[in-house]
Amino acid sequence: MRRKETIAWLLGWGAGLAAMLVLVVSSPQRAQAQFGGLSKVLNKAQQVHEATKPLTLEEEQGVGRDVAAKLVANYHIYKNEALNRYVNMVGETVAAQSERQDISYHFAVLDTDEIDAFSAPGGYIFITRGALKLCDDESELAGVLAHEVGHVAAKHVVHVIEHDKMLRAGEQEASSHMNTGKLNDYFNKLAGAALVKIVDQGLAPADEYDADARGVKYAYEAGYSADGLERFLTKLDQATQQGGKSFWTRTHPPVPQRNARIQELIASQKWQDAGRPKLQERFEAATKMLRTKAGA
Ligand SMILES: [Zn+2]
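What counts, and at which threshold
Residues numbered from 1 in each chain as written. Predicted model: local features only at pLDDT ≥ 70, side-chain atom pairs only at ≥ 80, totals over all residues. Heavy atoms only, no water. Helix = DSSP H or I, 4+ residues; strand = E, 2+ residues; numbered from the N terminus. Buried < 20%, exposed > 50% of the residue type's maximum accessible area, 1.4 Å probe, protein only. Contact = heavy atoms within 4.5 Å. Core = buried A, V, L, I, M, F, W, Y, C linked by side-chain atoms within 4.5 Å. Donors = N, O, S within 2.8 Å, 3.2 Å for Na, K, Ca; no water. Tetrahedral: all angles 85-135°; square planar, octahedral: opposite > 155°, others 65-115°. Phe/Tyr/Trp six-rings, centres within 6.5 Å; stacked < 30°, edge-to-face > 60°. Pairing = 2+ DSSP bridges. Axes fitted to C-alpha atoms, helices over the stretch in contact; angles between N-to-C directions.

Enquirer: Before we move on, could you go through the environment of Gly 150 and cite the residues and values that matter?
Expert: Considering the arrangement of structural elements, one finds Gly 150 in helix α6 (residues 138-153). Taking the relative accessible area as the measure of exposure, Gly 150 reaches 0% and is therefore buried. Between the alpha carbons of Gly 150 and Ala 95 there is a distance of 8.6 Å; along the sequence they are 55 residues apart. If we skip the residues at most four places from it in the chain, Gly 150 touches His 156, Ala 211, Arg 214 and Tyr 218.

Enquirer: So what's going on with the nonpolar core? Residues and values would help.
Expert: If you look at soluble globular proteins, the nonpolar side chains tend to sit buried side by side. Membership of the largest hydrophobic core comes to 48 residues, with the highest contact counts inside it found for Tyr 105, Ile 127, Leu 132, Leu 141, Leu 145 and Phe 232. A per-element tally of this core places α6 first, with eight residues. Within the second largest apolar cluster, 15 residues are counted, among which are Leu 110, Ala 120, Val 157 and Leu 203.

Enquirer: Account for the coordination of the zinc ion, naming residues and giving values.
Expert: At the metal site, the zinc ion is ligated by His 147 (NE2), His 151 (NE2), Glu 208 (OE) and His 252 (NE2), and these contacts range over 2.1 Å. In this structure, the zinc ion is coordinated by four donor atoms arranged in irregular fashion, with angles at the metal of 83 to 159°. On the primary sequence, the residues serving as donors to the zinc ion are separated as H-x3-H-x56-E-x43-H. Highlighted residues: His 147 in helix α6 and His 252 in the loop between α11 (247-251) and α12 (255-269), separated in sequence by 105 residues. Residue His 147 shares its accessibility class with His 252, and that shared class is buried.

Enquirer: Explain the packing of aromatic side chains to me, using residue names and the numbers behind them.
Expert: If you walk through the whole model with that rule in mind, you get five aromatic pairs. By the ring-pair criterion, three or more aromatic residues cluster together here, those being Tyr 75, Phe 118 and Phe 247.

Enquirer: Let's hear about the environment of Leu 203: which residues, and what values?
Expert: Considering the arrangement of structural elements, one finds Leu 203 in the loop between α8 (180-201) and α9 (205-221). Owing to a relative accessible area of 12%, Leu 203 belongs among the buried residues under this scheme. Separated by 49 residues in the primary sequence, Leu 203 and His 252 place their C-alpha atoms 7.6 Å from one another.

Enquirer: Could you give an account of the sheet that holds strand β2 (residues 117-120), with specific residues and numbers?
Expert: If you trace the three strands from one edge of the open sheet to the other, you get β1-β3-β2, paired in mixed fashion. Strand pairing shows two members of the sheet lacking a second neighbour, β1 (106-110) and β2, which therefore form its edges. Averaged over all neighbouring strand pairs, the angle between strand axes comes to 20°, with direction disregarded. Relative to strand β3 (residues 124-128), β2 runs antiparallel, the two sharing four bridges. Bridging from a neighbouring strand, Phe 118 pairs with Phe 126 of β3. Across the sheet, helix α3 (residues 57-75) touches β1, β2 and β3, and the angle it forms with β3 is around 20°.

So this is what it looks like as structure tokens:
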């Protein structure tokens, strides 16, 4: 998506989180209001305390659903049930290897030529039609989806939100002149700002390398050839150099650095295995509609 659209989308995302934060910070009992000054101080302390708590699973899923809805509204789901079922089958196969099994993972295809994959907290994962077209076999698709499963499993976005909330709560503790309404606004705006930063500038490179390492491991443990993600990334690099649009290349570390680490991991774990299935024929059969005029 273009920069402006990204920010607009993210602001919407931020608004969703803001709504969630309002729920979190507006819980102190109304009865306290009648005790005047002291209760205001207690209220504020309670709010700061609430704002520094980690996100619950329900809150994480609420943010995730909201982000997923924004993505779907922006790109639309590619309307082919068989293709979405196939992507779910591959995604669930790698997600079954993830350390995180307290959530269900959902996968869907977005109807755009852009070459991208996205994940939202709580297990909502998307791959674009453009990215699927760039894949040559199922092990590459598995590698891309597994990278996104890695972000969800490691709670990368959740940790950025929590860290931002904690910083802001600390700042607010030192300041006593804000009333409750203003404090809520302040938290909401800053939580939104943290999300704008994540999507516009991406996660920290360390989180991306971590998602790569997790993804390669999940794909290998699921039975795929371990270098699917690496082969996809090489083509992604070429495609974007030839003008292909991708949020992935703009927000993730450079492909040569990612692939060097992936190769190192595969070598150190002795995961090279030429006999491992890449499942090219099954992939081609499941995605053939993308290569016809009607499918694109
Ligand atoms: Zn990533």
